[in-house]
Amino acid sequence: MCTTFVAGLLVAPVVPAAADHTAAPNAVSVPGSHNSEMGCPGDWQPDCAQAQLVLDPADGRWKGSYTLPAGTYQYKAAINGSWDENYGAGGVPGGADITYTTAGGPVSFSYDPTSHVVSVSAVGAPDLRLARAQWLRRDVLAFDVPAGAADFRLFHAPEGGLVATSEGVSGGESLPLALDPAGLPAELAGRFPHLAAYEALRVPRTAVGDLLTGQLAVAAFDGSGRLVDVTGVQIPGVLDDLYAGAAGQRLGPVWRLGRPSLALWAPTAKDVELVLGARRLPMTRDGDGVWHAKGDRGWRDARYAFAVTVYVPALDDVVTNVVTDPYSLGLTTNSARSVLVDLDDPALAPKGWDRLRKPALPRQEDSTIYELHVRDFSVGDTSVPSAHRGTFLAFTDRDSAGMRQLRDLAGAGLNTVHLLPVNDIATIEERRSQQQAPPCDLASYGPAAEDQQACLDPVRDADGFNWGYDPLHYTTPEGSYSTNPDGTRRTREFREMVGGLNGAGLRVVLDVVYNHTPASGQDEHSVLDRIVPGYYQRLSATGAVETSTCCANTATEHRMMGKLMVDSVVTWAREYKVDGFRFDLMGHHTKANMLAVRAALDRLTPEEDGVDGRKVFLYGEGWNFGEVANDARFVQATQLNMAGTGIGTFSDRLRDAVRGGGPFDEDPRIQGFATGLYTDQNGAAVNGTPEQQRARLLLYQDQIKVGLAGNLRDYRFTDRSGAVVTGSQVDYNGQPAGYAADPAETITYVDAHDNETLFDVIQYKVPRSTSMADRVRMNTVALATTALAQGPSFWHAGTDLLRSKSLDRNSYNSGDWFNRVDWTGRESTWGSGLPPRADNEPKWDFMRPLLADPALEPGQPDLRAAHRQALDLLRIRFSSPLFRLGSAREVQARVSFPAGGPDQAPGVIVMVLDDRVGPDLDPRWESIVVVFNASDEATTQPVPGQAGARYRLHPVQAGGADPVVRGSGYDRATGAFTVPARSVAVFTSR
């Protein structure tokens, strides 16, 4: 398909969307970011009357026309007024948003129910802010050439001002472009697969670098010289080609012998000055597009910024942007200026920093991770000094309730704390005195009231809380987590936090967010795009910034954005001695990006860098969606693609099987293995008939078995049908359940900061009459599937204390109230009111009766029981190396699930760990049998080959916190194991 300009009509690309229905629609709408401009109450509303198209009986298409203001918009086609069936870009049901730009005026939409093609057209003068041509190499432009085009020219204007009309282009000069009949060179088609079908326009030899500092446009003319099409130009590819050498330079502040230098990559800038305090100093540009300034010893801790004079296509003007350093290592309050920090300054090193000892972690499979938010950890903990609450320094207060809780967990086996983003965050006011609080007594309202969220809503953007997934500067600690956000104290205090956690036996993992920025363009929270406009953000086919991540996507496939990510990670590892990194939306990065990070870390040595980079653990969210889905633009760092890399990805397979359904179900009562599917039905029609529930439960059990075995793609076992299958042959929503090549490549979890907490999920899904004691047991059963699995185990902080967010499914900006944790275990946070309307109102009717029921609030004994049972799981995990075998080969040889086939007990999984094959790994035990009984009745499970053996209940459980599991037994004569309802029993044999 192509975009054409004919007689003033600009027609955006026609995007086919394949359908998965056969019935003719009753209604078609175009929900999108334009809905409010159409008169809808808000955007992305498929049921809005103003967004509905009308069936044209003449051709059978659904059509609609609207007058819209100038701008770039995204939309989809939705069928029958809901999201149940919708079509986006690329022919994918539920696919990526379709982007278009209008100069303002009439816009028409058309949906063909036969071919399912969705199209949009906008009438108006050509808008050169659209950039549909892409300059990929100094001699090659890629362009989707319109029909009838015969000649092509590249127009350029150093200060902007090109004007396009139906008559032609004026206001600048031009170069001829030659259409290459061979198409894009194979090398470029391979690097840019989404452009492989574009034609190649050859650029003559010219001063390419000079052209890139001004406005560019590609025009196509027919044989008689009439303008057929004209568009702006995307330039990231040619910048990477022309300035490849910049990737080898050190950017940002560098100190040598006490003297600093600064380097900024700004190849399209006409000039860059260093703003140092009140002075402006010239910088010099080298051949790699890097601008340099050298300073003296007096510059230490100076405040600085860059004044970048650059052409901005969105403004069609040359402007001077005063911007902080994207490589900032220090910042003033609220990131107003960068601070010229020397991270080797002895004043920034806590006592013992050079001799900091790391908690041992023999291999990554040993990782047992607790996901924690810095502010959540201590802001409400009165045992922490008031000045330290909500800050890095709270982790140095050894006697606080929170640190006692962490040491308690570490003593049982927890070895890693994963911190939600701690780099500079765009949306948190860093001055405590300016942080607003809800102007009411939140605790005074009822457990199911709307009042709490209503009181919170006006201040939620001005308080001190946010998860922090809006990174402003990637390599500076967040100021609101410091006792003084202005200057260097945040650096020292961050290091003190690392030392405090390491001293408690806990390694430190940082949650890092390199996949997007909080803003783009000329926004005050846009840093990168104001330095090199159009380079650092990932752009659509028309030049609009992609936003599938939530915000302004970055393009780490571009050389210098990828370098920024690698350099930042290395700085955190070397200068802050961080032990691991969790990559947010890692599937939006390339696999090559992640391997580059791995390689850079592996080069760090204790002798040269003070850290062993090979021991730094990498994992992330390998989700596959958006404009990059299915490797559309590059080989992504997704779940299936990362097999064999040693880099972990979160597995939604076991998570969904244990909990039931998925995190985005309209009806949250879909049950799973740990929440009573089939065995203790809640009566909700959404679960289906008993026969359907049984079939789904046995599939869930196969998925959990694969997860317990490290989610390995090649792991062989007997499935629910009686067939011997591999992990990759078990279905998960049309995808392979098993995908890893090594157990370390799967992060096994049942809850995290995203979506409802595990306890809140249990509250939704189990029968209303279920006792609180049984709900506690379900929590333990669910956690056992991660603690006793072969891969790294991951728990959301407080899940061992039945953490509740009052059913909030997205508490990223829900304030301290909905995110609080009581580390003393005295008070549950269940029943804190209906969670914020914006993300939760559609489920309020499900929530009200649950939150209002006093029987559903756990008491102190319930919290204590849950915590003690969780500690026992950790102790069991580390009681034997058989729970952490460390390789696919060992897992296949030693882990089995004897109770398979169609006659297996629903709600029961039996796992055998065998030390009688191969080298002796466990000096104490020859065999371990684990029985996961999630059903509401006791179970007796004969295990083939175990008769006559001598099994006893694991000593941790025999003397542990759970009196019920102590009732488990083993019949030596029959080799049968008996386990109480809703229990996980572990048996050992010498």
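For the protein chain, the name recorded in an unreviewed UniProt entry is Pullulanase-type alpha-1,6-glucosidase, with Actinophytocola algeriensis as its organism. The annotation that UniProt attaches to the protein chain under Sequence similarities (unreviewed entry) is "Belongs to the glycosyl hydrolase 13 family."

Draft legend 1. Here's a closer look at the sheet that holds strand 21 (residues 227–234). Here we have seven strands rolled up into a closed barrel, ordered 13-14-19-18-15-20-21, and mixed in their pairing. Strand-to-strand, the axes of this sheet are offset by a mean angle of 35 degrees, without reference to chain direction. Where strand 18 (residues 173–180) lies against strand 19 (residues 199–202), three bridges are found, and the strand directions are antiparallel. Looking at the pairing, Ala178 lines up with Arg202 of strand 19.

Draft legend 2. A look at the pairing of strand 15 (residues 151–157). Strand 15 sits mainly inside the fold: five of its seven residues count as buried. Across seven bridges, the pairing between strand 15 and strand 20 (residues 215–221) is antiparallel. Residue Leu154 lies in a different strand from strand 20, and its bridge partner there is Val218. Across five bridges, strand 15 lies against strand 18 in antiparallel orientation. Pairing of His156 across the sheet is with Glu173, part of strand 18.

Draft legend 3. Representation of the environment of Val512. As for its position among the elements, Val512 is in strand 35 (residues 507–512). Judged by relative accessible area, which is 4%, Val512 ranks as buried. Leaving out residues up to four positions away in the same chain, Val512 has contacts with Phe581, Arg582, Phe583 and Asp584.

Draft legend 4. Structural detail: the packing of helix 9 (residues 559–576) against helix 10 (residues 591–602). The N-to-C vectors of helix 9 and helix 10 enclose an angle of 35 degrees; their axes lie 9 Å apart at closest approach. Considering how the two elements wind past one another, helix 9 and helix 10 form a crossing that is right-handed. Between helix 9 and helix 10, the contacting residues are Gly562, Met565, Val566, Val569, Val570 and Ala573 on the first element and Asn593, Met594, Ala596, Val597, Ala600 and Leu601 on the second. In terms of residue class, the contact of helix 9 with helix 10 is made up of 10 nonpolar, two polar and no charged.

Draft legend 5. Region of interest: the pattern of salt bridges. Considering all chains together, one arrives at 53 salt bridges under this definition. Of the charged contacts, one joins Asp241 and Arg138 as a salt bridge, the two residues approaching to 3.1 Å between their closest N and O atoms. Of this pair, Asp241 sits in helix 4 (residues 236–242) while Arg138 sits in the loop between strand 13 (133–137) and strand 14 (140–143), and the two are 103 residues apart along the sequence. By relative accessible area, Arg138 is classed as partly exposed at 38%. A single network of salt bridges, built from pairs that share partners, joins Arg137, Asp139, Asp180, Glu187, Arg191 and Arg202.

Draft legend 6. Spatial organisation of the state of the cysteines. What the rule picks out here adds up to three disulfides. A disulfide bridge connects Cys550 with Cys551, and the sulfur atoms are separated by 2.3 Å. One disulfide, between Cys550 and Cys551, carries an S-S torsion of -90 degrees and so falls in the left-handed class. Described in terms of the sequence order of its bonded cysteines, the disulfide pattern of the protein chain is 1-2, 3-4, 5-6.

Draft legend 7. Structural view of unusual backbone geometry. A positive phi angle, close to 60 degrees, is found at Asn80, a residue other than glycine. By secondary structure assignment, the location of Asn80 is in the loop between strand 8 (77–79) and strand 9 (86–87). When its relative accessible area of 41% is taken as the criterion, Asn80 is described as partly exposed. Notably, Asn334 is not glycine yet its phi reads approximately 55 degrees, a positive angle. Note on placement: Asn334 falls in the loop between strand 29 (317–323) and strand 30 (338–339).

Draft legend 8. The arrangement of the side chain of Asp922 in detail. Within the secondary structure layout, Asp922 lies in the loop between strand 48 (908–914) and strand 49 (927–933). A distance of 2.8 Å separates a polar side-chain atom of Asp922 from the backbone nitrogen of Arg924. In this view, Asp922 contacts Ser879, Ser880, Pro881, Leu882 and Asp915; residues no more than four positions away in its chain are not counted.

Draft legend 9. Quick peek at the UniProt feature "domain: Alpha-1,6-glucosidases pullulanase-type C-terminal" (unreviewed entry) in the protein chain. Summarizing the sequence annotation, UniProt attributes the feature "domain: Alpha-1,6-glucosidases pullulanase-type C-terminal" (unreviewed entry) to residues 828–988 in the numbering used throughout. Counting secondary structure, residues 828–988 comes out at 26% helix and 22% strand; the distance between its end C-alpha atoms is 35 Å.

Draft legend 10. Representation of the sheet that holds strand 9 in the model. With antiparallel pairing, three strands are arranged side by side in an open sheet as 4-8-9. This sheet does not close on itself; its edge strands, each paired only once, are strand 4 (28–29) and strand 9. Direction of pairing for strand 8 relative to strand 9: antiparallel, over a ladder of two bridges. Within strand 9, the residue paired with Ala78 across the bridge is Asn86.

Draft legend 11. Looking closely at helix 19 (residues 860–877). With 18 residues, helix 19 should cover 26 Å at 1.5 Å per step; its first-to-last C-alpha distance of 26 Å lies within 8% of that length. All of the buried residues along helix 19 are Asp862, Leu863, Ala866, His867, Gln869, Ala870, Leu871, Asp872, Leu873, Leu874, Ile876 and Arg877. Tucked into the core, helix 19 has its buried residues touching strand 31 (368–372), helix 6 (401–412), helix 15 (772–787), strand 46 (793–796), helix 21 (955–958) and strand 54 (983–989).

Draft legend 12. Summary view of the nonpolar core. Trp135, Trp265, Phe581 and Phe583 are the most contacted members of the largest nonpolar core, which totals 182 residues. Considering every element that reaches this core, the biggest residue donor is helix 9, with 10 residues. The residues touching Phe583, leaving out its near neighbours within four places in the chain, are Val512, Tyr514, Met565, Val569, His589, Met594, Val597, Leu618, Tyr619, Gly620 and Glu621. Residues Cys48, Ala51, Leu68 and Ala77 belong to the second largest nonpolar core, which totals 22 residues.

Draft legend 13. Region of interest: the packing of aromatic side chains. Applying the stated criterion across every chain, the model contains 31 aromatic pairs. Ring geometry for Phe617 against Tyr619: centres 5.2 Å apart, planes inclined by 45 degrees, an arrangement best described as tilted. Using a relative accessible area of 0% as the deciding quantity, one classes Tyr619 as buried. Taken together, a centroid distance of 5.2 Å and an interplanar angle of 80 degrees make the contact between Phe650 and Tyr749 edge-to-face. One end of the pair, Phe650, is in strand 40 (residues 648–650); the other, Tyr749, is in strand 45 (residues 746–749), and 99 residues separate them in sequence. Of the residues examined, Phe650 reaches a relative accessible area of 4% and is grouped as buried. A relative accessible area of 5% means that Tyr749 is categorised as buried.

Rules used throughout
Residues numbered from 1 in each chain as written. Predicted model: local features only at pLDDT ≥ 70, side-chain atom pairs only at ≥ 80, totals over all residues. Heavy atoms only, no water. UniProt positions renumbered as here; feature names shortened; annotations may be inferred. Pairing = 2+ DSSP bridges. Helix = DSSP H or I, 4+ residues; strand = E, 2+ residues; numbered from the N terminus. Axes fitted to C-alpha atoms, helices over the stretch in contact; angles between N-to-C directions. Buried < 20%, exposed > 50% of the residue type's maximum accessible area, 1.4 Å probe, protein only. Contact = heavy atoms within 4.5 Å. Left-handed = near helix turned anticlockwise from the far one by under 90°. Nonpolar A, V, L, I, M, F, W, Y, C, P; charged D, E, K, R; others polar. Salt bridge = Lys/Arg side-chain N within 4 Å of Asp/Glu carboxyl O. Disulfide = S-S within 2.5 Å. Polar contact = N/O pair within 3.5 Å; in protein donor to acceptor, adjacent residues only side chain to side chain. Expected span 1.5 Å × (residues − 1). Core = buried A, V, L, I, M, F, W, Y, C linked by side-chain atoms within 4.5 Å. Phe/Tyr/Trp six-rings, centres within 6.5 Å; stacked < 30°, edge-to-face > 60°.

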